[in-house]
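Given next are the chains, with one letter for each unit.
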2 protein chains.
Amino acid sequence: MLRRAVELFNRRGYDATSMGDLAKELGLTKPAIYHHFRSKEELLEAALDDALDELTAVVEEAAQSTEGASAYERLREVVRRSVEVLAAHQPSVTLLLRVRGNSPIELAALDRRRRLDERLAELVADAAAEGALRDDMPPALVSRLLFGMVNSLVEWYRADGTFTPATVADAIAAVAFDGLTNNDENDN
Amino acid sequence: MLRRAVELFNRRGYDATSMGDLAKELGLTKPAIYHHFRSKEELLEAALDDALDELTAVVEEAAQSTEGASAYERLREVVRRSVEVLAAHQPSVTLLLRVRGNSPIELAALDRRRRLDERLAELVADAAAEGALRDDMPPALVSRLLFGMVNSLVEWYRADGTFTPATVADAIAAVAFDGLTNNDENDN
């Protein structure tokens, strides 16, 4: 029910969707919906928490697995696991990425998202400091571009389409870390 | 006026914004707005055309400059010029990328966008066929990721911020074509 509500939000826009629209879409009466969720805001909050909890878990695991793993290895792992989360929780992550901050719930979600972005930027900076990443670009910009590419998934990825999450995760890591240009380095 | 209207659409959501909201935002009366645009749809169409016309020009120039330039060189040029368009026309491109197809105008814009995406995918395929790009990934997927990274700009780029369009364009080309990993290839 939450998933289908979120898909409708994504299709119509959250602000333009009423509880009446939702009831129609789900084939339920309004009281039946209110039995589960007291308001549209509660549905929004549940969806944003779903996305943020999953993404936070990915970032925290990467921060904790310091035993032996370099920042570079942990960064590659965060990229791979983020793709899995985006594929598995596509509707709620899509909603999260479109949040504009028009209510306290949205502002709180933007704040959690900002903290995640900061931790990702720190991981990129750590990988650069190790010497694993090229040092001719600001880590903040690299982080934006890397996770911009990851996040773009929500706009075009189809779970029933040609590419599995693993194929996409491998492709993103290959493009971002090794580059598209055909050279011997890519065969290593 | 169009630019400020589009900024409001992006902030509030197009569907959730009324002509009354627009008049308030612009400090105009409703009749004054209607003097320039007959409807909200006409504003939407003007903004989407602005974004699509600019992006189409970039893609068509790349297709035409076949004199001597390889597909790989043309692809790098499209990436660079797309970044310039996104930075210079950020509000209307943002609106375009958020269009969901809820009206004939939106469906027409999605159709034009789809044709642009197809031509970009062809250019990637041509560059791969030349042997300039690695051949272990489907060109359609590479194209999605490459322009997903470019398009992510609209979500975080600030024209008054730290990075100039040229810095961002160079960084995207460096990440996508040469990769983030620090190796001798990057110094070539």
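Residues numbered from 1 in each chain as written. Chains lettered and ligands numbered in written order. Predicted model: local features only at pLDDT ≥ 70, side-chain atom pairs only at ≥ 80, totals over all residues. Heavy atoms only, no water.

The name that an unreviewed UniProt entry assigns to chain A is TetR family transcriptional regulator, with the source organism given as Actinomadura barringtoniae.

Explain the relation of the copies chain A and chain B to me, using residue names and the numbers behind them.
Between the two copies of the chain lies a rotation about an axis combined with a shift along it. Once chain A is rotated about the relating axis by 180 degrees and shifted along it by 0.0 Å, it coincides with chain B to within an RMSD of 0.0 Å. Taken together, the rotation and translation describe the operation of a two-fold axis. (Least-squares fit on C-alpha atoms with pLDDT ≥ 70 in both.)

Hey, could you go over the interface of chain A and chain B for me, with residue numbers and the actual values?
Contacts between the two partners involve 44 residues from chain A, matched on the other side by 44 residues from chain B. For the pair chain A and chain B, the number of links is zero salt bridges. Joining chain A to chain B, the criterion identifies 20 residue pairs in polar contact (both at pLDDT 80 or more). Those elements giving two or more residues to the side of chain A that touches chain B turn out to be α1 (2-12), α6 (90-98), α8 (139-156) and α9 (165-178) of chain A. Per-element tally for the side of chain A that touches chain B: the top contributor is α8(A), with 10 residues. Tallied by class, residues from the side of chain A that touches chain B come to 22 nonpolar, 12 polar and 10 charged. (Contact = heavy atoms within 4.5 Å. Salt bridge = Lys/Arg side-chain N within 4 Å of Asp/Glu carboxyl O. Polar contact = N/O pair within 3.5 Å; in protein donor to acceptor, adjacent residues only side chain to side chain. Helix = DSSP H or I, 4+ residues; strand = E, 2+ residues; numbered from the N terminus. Nonpolar A, V, L, I, M, F, W, Y, C, P; charged D, E, K, R; others polar.)

Outline the UniProt feature "DNA-binding region" (unreviewed entry) in chain A, listing residues and values.
If you check UniProt for "DNA-binding region" (unreviewed entry), the listed places come out as residues 18-37 of chain A in our numbering. Taken end to end, residues 18-37 of chain A comprises 75% helix and 0% strand; its first and last C-alpha atoms sit 13 Å apart. (UniProt positions renumbered as here; feature names shortened; annotations may be inferred.)

Which residues make up the packing of aromatic side chains, and what values go with them?
On inspection of all chains with the given rule, the structure shows six aromatic pairs over all chains. Where F9(B) meets Y14(B), the ring centres are 4.9 Å apart and the plane angle is 80 degrees; that geometry is what we call edge-to-face. For Y14(B), a relative accessible area of 10% corresponds to the buried category. Pairing Y72(B) with F177(B) gives two aromatic rings, centres 5.5 Å apart and planes at 85 degrees, and the pair type is edge-to-face. Of the two residues, Y72(B) is situated in helix α5 (residues 71-88) and F177(B) in helix α9 (residues 165-178); the sequence distance between them amounts to 105 residues. Of the two residues, Y72(B) and F177(B), both sit in the buried class. Over the ring of Y14(A) we find K40(A); its NZ or CZ atom is 4.3 Å from the centre of that ring. (Phe/Tyr/Trp six-rings, centres within 6.5 Å; stacked < 30°, edge-to-face > 60°. Buried < 20%, exposed > 50% of the residue type's maximum accessible area, 1.4 Å probe, protein only. Lys NZ or Arg CZ within 6 Å of the ring centre and 35° of its normal.)

Describe in detail helix α7 (residues 104-129) of chain B, supporting the description with residues and values.
In an α-helix, one turn spans 3.6 residues; hence positions three or four apart end up facing the same way. Residue and element names in this part refer to chain B. Its 26 residues place the ends of α7 37 Å apart at the C-alpha level, agreeing with the 38 Å of an ideal helix rising 1.5 Å per residue. Buried within α7 are the following residues: E106, A109, L110, L116, L120, L123, V124 and A127. Structurally, α7 contributes buried residues whose contacts are with α4 (40-64), α5, α6 (90-98) and α8 (139-156). Positive backbone phi, at 90 degrees, marks G131, one or two positions downstream of α7. (Expected span 1.5 Å × (residues − 1).)

For the pattern of salt bridges, give the residues involved together with the corresponding values.
Pairing between side chains becomes possible if they bear opposite charge and their charged atoms approach one another. Tallying each qualifying case throughout the model produces 34 salt bridges over all chains. For R112(A), the salt bridge identified is with D49(A), shortest N-O distance 3.4 Å. Highlighted residues: R112(A) in helix α7 (residues 104-129) and D49(A) in helix α4 (residues 40-64), separated in sequence by 63 residues. A relative accessible area of 32% places D49(A) in the partly exposed class. The partner of R3(B) in a salt bridge is E7(B), with the nearest N and O atoms 3.6 Å apart. Residue R3(B) and its partner E7(B) are located together in helix α1 (residues 2-12), separated by four residues, close to a single helical turn.

Break down the packing of helix α5 (residues 71-88) of chain A against α9(A) for me, citing the residues and quoting the values.
Residues and elements named next belong to chain A. It is the contact of α5 with α9, at a shortest axis distance of 9 Å, that shows an interaxial angle of 140 degrees. By crossing handedness, the relation of α5 to α9 is classed as right-handed. On α9, the residues touching Y72, L75, R76, V79, R80, V83 and A87 of α5 are P165, V168, A169, I172, A173, F177 and D178. Along the lines of polarity and charge, the residues of the contact of α5 with α9 split into 11 nonpolar, no polar and three charged. (Axes fitted to C-alpha atoms, helices over the stretch in contact; angles between N-to-C directions. Left-handed = near helix turned anticlockwise from the far one by under 90°.)

Tell me about the packing of α6(B) against α8(B), residues and numbers included.
Residue and element names in this part refer to chain B. Two elements in contact, α6 and α8, have axes separated by 9 Å at closest approach and are oriented at 115 degrees. With respect to their mutual orientation, α6 and α8 come out roughly perpendicular. Viewed along their axes, α6 and α8 form a crossing whose handedness is left-handed. Along the contact surface, α6 presents Q90, V93, T94, L97 and R98, while α8 presents N151, L153, V154 and E155. (Parallel < 35°, antiparallel > 145°, perpendicular 65-115°, else oblique.)

A description of the nonpolar core should follow, citing residues and the corresponding values.
Of all hydrophobic cores here, the largest spans 134 residues; its most connected members are F177(A) and F177(B). Excluding residues that lie within four positions of it along the chain, F177(B) makes contacts with G179(A), L180(A), T181(A), Y72(B), L75(B), R76(B), V79(B), L133(B) and L146(B). (Core = buried A, V, L, I, M, F, W, Y, C linked by side-chain atoms within 4.5 Å.)

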